[in-house]
Amino acid sequence: MPATKKSNQKQALKIHHIPGKAKHFAKITFWFFMGAFLGLFLLISFSYIIFQQIFRNEIYPGVFIQGMNVGGKTPEFVDTFFSERNKNLNKTTFTFIYQDQIATISAQQLHLGYDSKLLAEQAFSIGRSHDAVSNASIVLEGYLTGLTLSPAYTFSQEALASELSPIIQKIKVDPVDAVFAFQNGKVTTFRPSTDGQEVDMKRLTDAVISKIPFILATDSPQTFTMYLPIHQLKPHITTDQANNLGIKELIGTGTSLFQHSIPGRIYNVTLAASRVNGTLVAPGEEFSFAKAVGDVSSFTGYQQAYVIQDGKTVLGDGGGVCQVSTTLFRAALNAGLPITERHAHAYRVGYYEEDGPPGIDATVYVPSIDLKFRNDTGHYILIQEAIDPSELRLTFYIYGVSDGRTTSMTNPVVSNIVPALPTIYTDDPTLPPGTLKQVDFAANGATVSFSRTVMKDGKVYISDFYKSVYQPWAAAYVRGPQ
């Protein structure tokens, strides 16, 4: 065999043996590192087991609650520590206000404070789950950067509602559904809807809870003043839904007292008011009191009472009807409606000055002397009356749609005062013998004037002036036959 061929064969054998040596070296290296890794793992595991044994009854290091390091502390220590802090926090007070209603409640009454037992359990449970890898990671994180546990707290919404129950009951108002019944051109039954209200417990609870982090962050008792939030309750049937005439709100009121009236006069006031009640006035229509009340006589149900006739106070059918016209006049003034006809009484009537100044009255003598006003609101208006029998007060309400007009009146000015006339006595055969009863009171004569201004869209819409010239009047008595 040639020498060159033998040399090539030897070199090929050498190259063939090199991969075998590298493979052997790799195996040695692998098992070396594997052994080292297993050794390290066993060392770490053994150390972790020893670590767990050391902190078997204690919280792992690096756990913080409210800035305090509780690592190495027992759960019992944490429970006791935060229970002690609660003794101060319990003195924190909340003062709840709604208008003139005030209630002061302590944090202790609300069961508000640290949940010490839960905090102790949570702190101790960190790093003690069923996942060993997760536990080791959490413990390492605690060592390196620390773990902050959010402070658990207690707060009883039921206690808050219970402590505030007296105020809550006073504040609560149920909504009222509207009622509207229309028959033969008049509204027979009308009641506007009204919103109800109640304490908004969700908003209140959220407001109290928002204070808790601040309370827990301090060591001293705090005082908080909170206004009770109110939630509006809407009726099922609103005034708008109850009628298709657009009547939805109160636009004017008028009142007067008729105390000391004789029974016949009280009866007539009630009857005349009921006949005006429920009157609808169309847009642009002129209201006539004489038309609304109808005939005033014994044939239409009125009783005898004292009226002014020919300068004297005498018995006549329908005495007291002017109480009704006067009250309605006041309501129309207040509503800002244009008054198209109004007449003052012959003298200052005491009834009309029982709850207000003189000069704001309107006499009627159906059908010639009337009270009239015009509905210029662009919507229907409704006239409603109410009588308080205990106070003997008549009130008229005018409902419609507000167009933004506002009304102001000057205080009546009294001038040209003339002394009252001598007392008048009138025989009344219906009274028992020897009975003396006063039916009229002395009144000085006077001139009384006032003005009214109605504003709309920032401009003067109505400016009117009322002047009443009252004659001097005598006190009047009726007496039974001698």
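Procedures and definitions
- Residues numbered from 1 in each chain as written.
- Predicted model: local features only at pLDDT ≥ 70, side-chain atom pairs only at ≥ 80, totals over all residues.
- Heavy atoms only, no water.
- Helix = DSSP H or I, 4+ residues; strand = E, 2+ residues; numbered from the N terminus.
- Contact = heavy atoms within 4.5 Å.
- Areas by Shrake-Rupley, 256 points an atom, 1.4 Å probe, with all protein chains shown as cover.
- Pairing = 2+ DSSP bridges.
- Phe/Tyr/Trp six-rings, centres within 6.5 Å; stacked < 30°, edge-to-face > 60°.
- Buried < 20%, exposed > 50% of the residue type's maximum accessible area, 1.4 Å probe, protein only.
- Lys NZ or Arg CZ within 6 Å of the ring centre and 35° of its normal.
- Axes fitted to C-alpha atoms, helices over the stretch in contact; angles between N-to-C directions.
- Parallel < 35°, antiparallel > 145°, perpendicular 65-115°, else oblique.
- Left-handed = near helix turned anticlockwise from the far one by under 90°.
- Nonpolar A, V, L, I, M, F, W, Y, C, P; charged D, E, K, R; others polar.

A. How the structure looks around the overall build of the chain. Secondary structure summary: the chain contains eleven helices and 28 strands in total. Long-range contacts, defined here as pairs at least 24 residues apart, represent 74% of the contacts in the chain between residues at least 6 apart. Here the chain displays about 26600 Å² of accessible surface, and carbon together with sulfur accounts for 57% of that area.

B. Structural detail: the sheet that holds strand β1 (residues 63-65). With mixed pairing, three strands are arranged side by side in an open sheet as β2-β1-β6. Both edges of this open sheet fall to β2 (68-69) and β6 (147-149), since each of them pairs with a single strand only. Relative to β6, β1 runs parallel, the two being bridged by three bridges. Its bridge partner being in β6, Ile-65 is matched across the sheet by Leu-149.

C. Broad picture of the packing of aromatic side chains. Counted under the stated rule, the structure contains 14 aromatic pairs. Measuring from centroid to centroid gives 4.8 Å for Phe-82 and Tyr-114, while their planes differ by 55°, and the two rings are tilted. Linking Phe-82 in helix α2 (residues 75-89) with Tyr-114 in strand β5 (residues 113-114), this pair joins segments that are 32 residues apart in sequence. For the pair Phe-82 and Tyr-114, one class covers both residues: buried. Measuring from centroid to centroid gives 5.9 Å for Phe-180 and Phe-190, while their planes differ by 90°, and the two rings are edge-to-face. Placement of the pair is Phe-180 in strand β8 (residues 179-183) and Phe-190 in strand β9 (residues 186-191), with a sequence separation of ten residues. Accessibility expressed as a relative area gives 11% for Phe-190, which makes it buried. Among the aromatic residues, those joined into a ring-pair cluster are Phe-77, Phe-81, Phe-82 and Tyr-114. Stacked on the ring of Tyr-351, the Lys or Arg Arg-265 has its end atom at 3.7 Å from the ring centre.

D. Representation of the environment of Ala-331. The residue Ala-331 is located in helix α11 (residues 321-335) in this model. Considered as a pair, Ala-331 and Ile-251 are 80 residues apart in the sequence and their alpha carbons are 9.0 Å apart. Residues within four places of Ala-331 in sequence aside, it is in contact with Gly-252, Thr-253, Gly-254, Phe-396 and Ile-398.

E. Representation of the packing of helix α9 (residues 263-276) against α11 within the structure. Relative orientation of the contacting elements α9 and α11 amounts to 45°, with a least axis distance of 7 Å. Compared by their axis directions, α9 and α11 come out oblique. As for how α9 packs across α11, the hand of that crossing is right-handed. For the pair α9 and α11, contact is made by Arg-265, Val-269, Ala-272, Ala-273 and Val-276 and by Val-321, Gln-323, Val-324 and Leu-328, respectively. Taken together, the residues that form the contact of α9 with α11 break down as seven nonpolar, one polar and one charged.

F. Seen up close, the pairing of strand β20 (residues 381-388). Pairing of strand β14 (residues 279-281) with β20 involves three bridges; the strand directions are antiparallel. Residue pairing for β20: Val-281 is matched across the bridge by Ile-381. Two strands pair when backbone bridges link them, and β20 and strand β21 (residues 393-400) are joined in this way by seven bridges, in the antiparallel orientation. Paired with Leu-382 across the two strands is Tyr-399, which belongs to β21. Where β20 folds back on β21, the antiparallel hairpin that results is connected by four residues, among which Leu-392 adopts a positive phi of roughly 55°.

G. Looking closely at the sheet that holds strand β18 (residues 339-341). Ordered by their spatial adjacency, three strands build an open sheet running β15-β19-β18, and the pairing between neighbours is antiparallel. Because the sheet does not close on itself, it has two edges, and the strands there are β15 (286-288) and β18. Strand-to-strand twist across the sheet, computed as the mean angle between neighbouring axes with direction ignored, equals 30°.

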